Amino acid sequence: MATLKICNLSKTYPNGVKALDNINIEISNGMFGLLGPNGAGKSSLMRTLATLQEADSGTASLDDIDILKNPTELRKLLGYLPQEFGVYPKITAQQLLDHIAILKGITNGNERKELVNYLLQKVNLYNERSKSVKGFSGGMKQRVGIAQALIGNPKLIIVDEPTAGLDPGERNRFHNLLADVSEDVIIILSTHIVEDVTELCSNMAIMNLGKMVYQGSPQNVINDLKGKVWQKIIERNEINEYKTNFTVISDKMVAGKPLIHVLSETNPDNGFESVIPDLEDVFFTKIN
Ligand code: ADP
């Protein structure tokens, strides 16, 4: 069982943007969802934990390893899948994984071959192993990305915005793969897609403007909102009026008309109906 602890972590970029504002969090094995809109600071936090950039103050540790002071030690236990997993032209899936295994210090050829074949099977790409990764679909590339992140038995795997650009089938396969590997390790999944977290994570945090605005289980935070979310289909030209008079947490178009969700302790108005809140309601409530 591994534990990741982050205490009072802060980072301000030279342009004055405070991307991390006194972050505190403790994460154990399993899949942890880090949810936030674009610009919330998720990548800044992920890059700091992946030892790719420094913080101004605060601490972060994985068990007894001080991540900020001993980046080399942490890297031995880290699997990182960045937003864009770039690949060399023409290289096959098998060659790519073999190459990364060498970089991660697996020098024994037989051991490497066995590992690479095992990983190719695990991510369901064994039959594609001799094809160029460049021609792979987005979902297949992400699975190669997970395979490379698993090399070296990591204790901590960081996955940054993994499902952006995947079609629903690919996204599903990728989710199953993550759920499968998450039993033995800490996986932090950073995303702005609420369903990714609902489907996969037993614990989560919501980040906005560099701050953690919620930490806990998706279910607890949804329960807190029960009976307080109301919906109504309105006319397009009424939106501003509703936004002035009610706490509108979201609006989306349904069959050409806005469907609004409103936060209220009691039924706000004729025509509103109560809805069972979901994580998206939570998300918009926390970041507005
Ligand atoms: P997210 O991953 O949640 O979209 P980021 O961590 O990428 O958020 O960005 C958080 C904030 O920091 C944003 O306002 C972004 O513009 C800013 N930012 C990110 N990287 C840099 C950088 N290298 N220099 C200056 N500002 C940055």
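Positions within a chain are numbered from 1, following the residues in the order the chain's sequence is written. Reporting of local features is limited, given that this is a predicted model, to residues whose pLDDT is at least 70; pairs of side-chain atoms are given and counted only at 80 or more, and all residues count toward the totals for whole chains, interfaces and linings. Note: side-chain values were computed over all heavy atoms of the structure, leaving out hydrogens and water.

Visitor: Please explain the pattern of salt bridges as it appears in this structure.
Guide: Two side chains bearing opposite charge may form a pair once their charged atoms approach each other closely. By definition, a salt bridge exists where a carboxyl oxygen of Asp or Glu is found within 4 Å of a side-chain nitrogen of Lys or Arg. Applying the stated criterion across every chain, the model contains 13 salt bridges. For D196, the salt bridge goes to R171, with nearest N and O atoms at 3.0 Å. Of the two residues, D196 is situated in helix α7 (residues 194–200) and R171 in helix α6 (residues 168–181); the sequence distance between them amounts to 25 residues. For the pair shown, D196 and R171 are each scored as buried. Where E235 meets K257, a salt bridge forms, and the shortest distance between an N and an O atom there is 2.9 Å. Of this pair, E235 sits in the loop between β11 (229–233) and α9 (239–245) while K257 sits in strand β13 (residues 257–263), and the two are 22 residues apart along the sequence. Through salt bridges with shared partners, one network takes in K18, D21 and K211. Put simply, DSSP marks the helices as runs of H or I at least four residues long and the strands as runs of E at least two long, and each gets a number from the N terminus on. Three labels apply to residues, based on accessible area from a 1.4 Å probe with only protein chains included: buried if under 20% of the type maximum, exposed if over 50%, partly exposed otherwise in between.

Visitor: What's the story with the site of the ligand in this structure? I'm lost.
Guide: Consider each residue's heavy atoms; a residue with any of them within 4 Å of a molecule or strand counts as near. Taken together, the neighbourhood of the ligand is formed by 13 residues, with G39, G41, K42, S43 and S44 sitting nearest. Here a polar contact is recorded for every N or O atom pair within 3.5 Å, except that within protein the pair must consist of a potential hydrogen donor and a potential acceptor, and residues adjacent in sequence are included only if both atoms are side-chain atoms. Measuring from an oxygen atom of the ligand, one finds a backbone N or O atom of G39 at 2.6 Å. The separation between an oxygen atom of the ligand and a polar main-chain atom of S43 is 2.7 Å. At four residues, the largest contribution of residues to the shell around the ligand is made by helix α1 (residues 42–49).

Visitor: Can you walk me through the environment of L156 in this structure?
Guide: In this fold, L156 is placed in strand β7 (residues 156–160). Linking L156 and K76, residues 80 residues apart in sequence, is a C-alpha distance of 9.8 Å.

Visitor: It is not clear to me how the packing of helix α5 (residues 138–150) against α6 should be interpreted in this structure. Could you clarify?
Guide: For any two helices packed against each other, the geometry is given by the interaxial angle and the distance between the axes. Close contact between α5 and α6 brings their axes to 9 Å; oriented N to C, the two are set at 15 degrees. Regarding the angle of α5 to α6, the classification is roughly parallel. When the axes of α5 and α6 are compared, the crossing they make is right-handed. Within the contact between the two elements, α5 uses G138, G139, M140, Q142, R143, I146 and L150 and α6 uses E170, R173, F174, L177, L178 and V181. Charged means Asp, Glu, Lys or Arg here, nonpolar means Ala, Val, Leu, Ile, Met, Phe, Trp, Tyr, Cys or Pro, and polar covers whatever is left, Gly included. Looking at the contact of α5 with α6, its residues break down into seven nonpolar, three polar and three charged. Fitting a line to C-alpha atoms yields each axis, with helices limited to the stretch in contact; the angle taken between N-to-C directions then spans 0 to 180 degrees. Orientation labels follow simple angle bins: below 35 degrees gives roughly parallel, above 145 gives roughly antiparallel, 65 to 115 gives roughly perpendicular, and whatever is left gives oblique. For any pair of crossing helices, the crossing counts as left-handed if the nearer helix is rotated counterclockwise from the farther one by less than a right angle, and right-handed if it is rotated clockwise. We call two residues in contact when some of their heavy atoms are within 4.5 Å.

Visitor: Can you walk me through the packing of aromatic side chains in this structure?
Guide: One pair of aromatic rings is described through two measures. These are the centre distance and the angle between the planes. Ring pairs are drawn from Phe, Tyr and Trp, using the six-membered ring of Trp, whenever the two centres fall within 6.5 Å, and their geometry is named by plane angle: stacked under 30 degrees, edge-to-face over 60, tilted for the rest. This model, assessed by the stated rule, comprises four aromatic pairs. Measuring from ring centre to ring centre gives 5.5 Å for Y242 and F246, while their planes differ by 20 degrees; the resulting arrangement is stacked. Note on Y242: relative accessible area 8%, which makes it buried. Judged by its relative accessible area of 22%, F246 is partly exposed. The structure contains a cluster of three or more aromatic residues connected by ring pairs, namely Y242, F246 and F272. Lysine NZ or arginine CZ positioned within 6 Å of the ring centre and within 35 degrees of the ring normal marks a charge as sitting over the ring. Sitting above the plane of the Y126 ring, R129 keeps its charged end 4.0 Å from the centroid.

Visitor: Quick question: what am I supposed to make of the sheet that holds strand β2 (residues 18–28) here?
Guide: For two strands to be treated as a pair, DSSP must find no fewer than two bridges joining them. Taken in spatial order, the four strands make up an open sheet running β2-β1-β4-β5, and their pairing is antiparallel. Each edge of the sheet is formed by a strand with only one pairing partner; in this case those strands are β2 and β5 (65–66). The pairing of strand β4 (residues 57–62) with β5 spans two bridges and is classified as antiparallel. Each residue of the ladder has a partner; that of L62, found in β5, is I65.

Visitor: Where do I start with the nonpolar core in this structure?
Guide: Here is a general trend for soluble globular proteins: nonpolar side chains tend to be buried in one another's company. As used in this record, nonpolar core signifies buried Ala, Val, Leu, Ile, Met, Phe, Trp, Tyr and Cys residues forming a set joined through side-chain atoms within 4.5 Å. Ranked by internal contacts, the top residues of the largest apolar core, which has 52 residues, are I146, V159, L178 and L279. Boundaries between domains were set according to an automatic or database domain assignment. When residues of this core are sorted by domain, at least three fall in each of domain 1 (3–219) and domain 2 (223–287). I27, Y80, I188 and A205 belong to the second largest nonpolar core, which has 30 residues in total.

Visitor: Honestly, the side chain of E170 in this entry has me stumped. Any pointers?
Guide: Positionally, E170 belongs in helix α6. Side-chain polar atoms of E170 contact the backbone nitrogen of G139, separated by 3.0 Å. Aside from chain neighbours lying at most four places away, what touches E170 is S137, G138, G139, M140 and G165.

Visitor: What is the right way to read the side chain of R112 from this model?
Guide: By the secondary structure assignment, R112 is in helix α4 (residues 109–122). Among all residues touching R112, those that are not within four sequence positions of it are D98, A101, I102, I106 and T107.

Visitor: Quick question: what am I supposed to make of the sheet that holds strand β3 (residues 30–35) here?
Guide: The strands making up a sheet are joined through hydrogen bonds of the backbone, oriented either antiparallel or parallel. An order of β6-β7-β8-β3-β9-β10 is seen for the six strands of this open sheet, with the pairing classed as mixed. Taken across any chain shown, the strands that pair with only one partner, and hence form the sheet edges, are β6 (78–81) and β10 (211–216). Averaged over all neighbouring strand pairs, the angle between strand axes comes to 15 degrees, with direction disregarded. Judged from the six bridges that link them, β3 and strand β8 (residues 186–191) form a sheet pairing that is parallel. Residue pairing across strands places L34 opposite S190, the latter belonging to β8. Contacts from α6 reach β3, β6, β7 and β8, with the element oriented near 150 degrees to β8.

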